[in-house]
Amino acid sequence: MKRTEIKDALQSTEYGKQINVKGWVRSRRGNKNVSFIALNDGSTIKNIQIVVDFEKIPESDLQPVTTGSCISATGTLVESMGKGQTVEIQATEIEVYGTADPNTYPLQKKGHTMEYLREIAHLRPRTNTFGAILRIRHNMAIAIHTYFHQHGYFYFHTPLITASDCEGAGQMFQVTTKNLYNLKKDENGQIDYSDDFFGKMAALTVSGQLEGELGAMALGKIYTFGPTFRAENSNTPRHLAEFWMIEPEVAFIQKDELMDIEEDFLKFCVKWALDNCHDDLQFLNDMFDKGLIDRLKSVIDTEFVRLPYTEGINILQEAIKNGKKFEFPCNWGDDLASEHERYLVEEHFGKPVIMTDYPKEIKAFYMKLNEDNKTVQGTDVLFPAIGEIIGGSVREEDYDKLMAEIERRQIPMKDMWWYLDTRRYGSAPHAGFGLGFERLMLFVTGMQNIRDVIPFPRTPKSAEF
Ligand code: 4AD
Ligand code: MG
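Bear in mind the structure is a predicted one, so any value in this text is a computation, not a measurement.

Engineer: For this particular structure, what's the right way to read the overall build of the chain?
Structural biologist: Within the chain one finds 12 helices and 16 strands. Principal axes of the C-alpha set define a box for the chain whose edges measure 85 × 60 × 45 Å. Restricting to contacts in the chain with at least 6 residues of sequence separation, those with at least 24 account for 66%. A total accessible area of about 22,900 Å² is found for the chain, and carbon and sulfur atoms account for 50% of it. For the chain, the distance from the average position of its 53 positive side-chain charges to the average position of its 68 negative side-chain charges is 4 Å.

See below:
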């Protein structure tokens, strides 16, 4: 018999029909006449109840049906008398696909800590919490593709292996086939990459932006959506060594339009979650974060604040004068720490902030310089509970100004010729941003740690699974 997904079975009203469901046993309880199995197949957070009458199926057949085992259950769909469920299945046949020894199966009891579940990331998708998070993660990916597709952007695939450090922060993981125990060096003691696989130093990308700009300079509007790698040795609840980033790049727009897109896009994604992930969000709201759904709704309904960096610093200085204590300094020219961003967003304004026009020294080389020669047209979006969720900017389209900046920063020219060609041939005003997918996931799920919104997190000293 063809399998019915539990999500569909729970919505069916075809009482009396024979159906088959398959899934993993969440629990089994009962008495000497009957057993109740709570079965979940991942299609929904809800379990279906299988009722086994020992007159039809001998109790001994149920011995291997323990928490974590996988079964196929066939039976009659009936209206349920139990509270909290509409239908159940009265079993006529149970087949056990895989047992799970109760003495060793790590997910015996409910209410494990998030830390413990990280140690068993290979099994945690079977919990209610991770089932919910992973279904939401899928839905957010679909939201992102839907948004850009509907708005005429093209999905542009940028390479994961690259020779250029887009953000210039030197946080790249090298890719090599060289024998690390016997490295060929030149007369200056530098590694000679000429015989390496790519014939030069290569690394995993920290951003698809530079290639994304090439796409926008031909297709007009593109976006990337792929894995990104950063060897930043920061063990924080908001950083991963491998994360997914969405990077739209748009020709012929200026700063205001860029901010409009950032805001519109984020609101679309959050609304998508509310519209498409109701049961999973409700579960997370009830179990972890009673303010979650209200917070999501409030973001859709509020206009984001647009705040120049210099004004932001003034607000922070004022707060310090009035007794606010921060761990890190925040004088003009400093990169804002998460505590500063969160003060502005959560305490001062009480809504998302798009911060603009940062000092050029704390931003990447490609950002468009303002007339003051001191600030650049960055447009980061700061979110409640998260801090920076989007990093964006207008790009410097002027060849001479861009060259001057590349030289000032001593960025090796030999790796940048192709990027500079966009400014040499048919340069155009353009702008774009990068959304950290897991930062969005943190916001939408209300989770506290970025390790809990990606199936298999990669962080310093941790690449298990
Ligand atoms: O601000 P970032 O470094 O900007 C860029 O990479 C630009 N090239 C984007 C662009 O304009 N096309 O990173 C963008 C976003 C951050 O705002 C943050 O959400 C996320 O990527 N991010 C990380 N997420 C998880 N772990 C990390 N280590 C992250 N680093 C950045
Ligand atoms: Mg940034």
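Engineer: Sorry if this is basic, but what is going on with the pairing of strand 2 (residues 34-40) here?
Structural biologist: The side chains of a regular strand alternate between both faces of the sheet. Burial analysis of strand 2 places six of its seven residues in the buried class, which makes it a mostly covered element. Summarising the sheet, strand 1 (residues 18-30) and strand 2 pair through six bridges and their orientation is antiparallel. Note on strand 2: the bridge partner recorded for valine 25 is leucine 39. The hairpin formed by strand 1 and strand 2 contains three residues between the paired strands. Note that strand 2 and strand 3 (residues 48-53) share six bridges and pair antiparallel. When the sheet's bridge partners are listed, leucine 39 is paired in strand 3 with isoleucine 48.

Engineer: Help me understand the side chain of glutamate 249, please; the structure alone is not making it clear to me.
Structural biologist: Here glutamate 249 lies in strand 11 (residues 242-251). A polar atom in the side chain of glutamate 249 sits 2.8 Å from the side chain of arginine 395. With residues up to four places along the chain from it excluded, the contact list for glutamate 249 reads Gln209, Gly212, Glu213, Ala216, Gly220, Lys221, Ile222, Arg395, His430, Ala431 and Gly432.

Engineer: Would you take a moment to explain the site of ligand 1 for this structure?
Structural biologist: Close to ligand 1 lie 24 residues; Glu167, Gln209, Glu232, Glu247 and Glu388 are nearest. For ligand 1, an oxygen atom lies 2.7 Å from a polar atom in the side chain of arginine 230. Tallied by class, residues from the shell around ligand 1 come to nine nonpolar, seven polar and eight charged.

Engineer: For this particular structure, what's the right way to read the pattern of salt bridges?
Structural biologist: Opposite charge on two side chains makes pairing possible when the charged atoms of those side chains draw close. Under the counting rule described, the total for this entry stands at 29 salt bridges. The partner of arginine 3 in a salt bridge is aspartate 41, with the nearest N and O atoms 3.0 Å apart. Placement of arginine 3 in the segment before helix 1 (6-11) and of aspartate 41 in the loop between strand 2 and strand 3 is noted, with a sequence separation of 38 residues between them. Judged by its relative accessible area of 35%, arginine 3 is partly exposed. Among the residues examined, aspartate 41 registers a relative accessible area of 9% and is labelled buried. Aspartate 289 is the partner of arginine 295 in a salt bridge, and the nearest nitrogen-oxygen pair spans 2.6 Å. You can call arginine 295 partly exposed: its relative accessible area is 24%.

Engineer: Got a minute to help me understand the environment of proline 64 in this structure?
Structural biologist: Turning to its location among the elements, proline 64 is positioned in the loop between strand 3 and strand 4 (70-79). Sequence-wise, proline 64 and alanine 241 are 177 residues apart; in three dimensions their C-alpha atoms are separated by 41 Å. Once residues within four sequence positions are removed from consideration, proline 64 is found in contact with Ser69, Val96 and Thr99.

Engineer: Explain the sheet that holds strand 10 (residues 221-229) here, please?
Structural biologist: The strands that make up a sheet are held in pairs by hydrogen bonds between backbone atoms, and each pair lies either parallel or antiparallel. Pairing in this open sheet of eight strands is mixed, and the strands run 6-10-11-16-15-14-13-12 from one edge to the other. Looking along the sheet, the strands with just one partner apiece sit at the ends: strand 6 (154-155) and strand 12 (305-308). Bridge count between strand 14 (residues 375-383) and strand 15 (residues 387-394): four bridges; the pairing is antiparallel. Paired with phenylalanine 383 across the strands is glycine 387, a residue of strand 15. Along the sheet, helix 8 (residues 309-321) contacts strand 12 and strand 13 (353-359); its crossing angle with strand 12, the most-contacted strand, is approximately 90°.

Engineer: I would appreciate a short explanation of the nonpolar core in the present structure.
Structural biologist: Soluble globular proteins tend to pack their nonpolar side chains together in the buried interior. Judged by nonpolar contacts, the single largest core of 64 residues is most densely connected at Leu281 and Ile389. Apart from the residues lying within four places of it in its own chain, the contact partners of isoleucine 389 are Leu266, Val381, Phe383, Gly434, Leu435, Gly436, Arg439, Leu440 and Phe443. By size, the runner-up hydrophobic cluster in this structure holds 22 residues, among which are Ala9, Leu39, Ile48 and Ile89.

Engineer: When you look at helix 10 (residues 399-408) in this model, what are you seeing that I'm missing?
Structural biologist: Every α-helical turn comprises 3.6 residues, leaving residues that sit three or four positions apart pointing alike. Residues Leu402, Met403, Glu405 and Ile406 constitute the buried set of helix 10. The arc that holds the buried residues of helix 10, viewed along the axis, is 165°, so those residues lie on one side. Turned more than 90 degrees away from the buried face of helix 10, the exposed residues are Asp400 and Glu407. Its buried side turned inward, helix 10 meets helix 11 (417-424). If you check the start of helix 10, you find a side-chain oxygen 3.1 Å away from the backbone N of aspartate 400, and it comes from aspartate 398.

The rules behind these values
Residues numbered from 1 in each chain as written. Chains lettered and ligands numbered in written order. Predicted model: local features only at pLDDT ≥ 70, side-chain atom pairs only at ≥ 80, totals over all residues. Heavy atoms only, no water. Helix = DSSP H or I, 4+ residues; strand = E, 2+ residues; numbered from the N terminus. Contact = heavy atoms within 4.5 Å. Areas by Shrake-Rupley, 256 points an atom, 1.4 Å probe, with all protein chains shown as cover. Lys, Arg positive; Asp, Glu negative; His and termini not counted. Charge placed at Lys NZ, Arg CZ, Asp CG, Glu CD. Buried < 20%, exposed > 50% of the residue type's maximum accessible area, 1.4 Å probe, protein only. Pairing = 2+ DSSP bridges. Polar contact = N/O pair within 3.5 Å; in protein donor to acceptor, adjacent residues only side chain to side chain. Near = heavy atom within 4 Å. Nonpolar A, V, L, I, M, F, W, Y, C, P; charged D, E, K, R; others polar. Salt bridge = Lys/Arg side-chain N within 4 Å of Asp/Glu carboxyl O. Axes fitted to C-alpha atoms, helices over the stretch in contact; angles between N-to-C directions. Core = buried A, V, L, I, M, F, W, Y, C linked by side-chain atoms within 4.5 Å. Arc of directions from axis to C-beta.

Nothing here speaks to function; it is geometry throughout.
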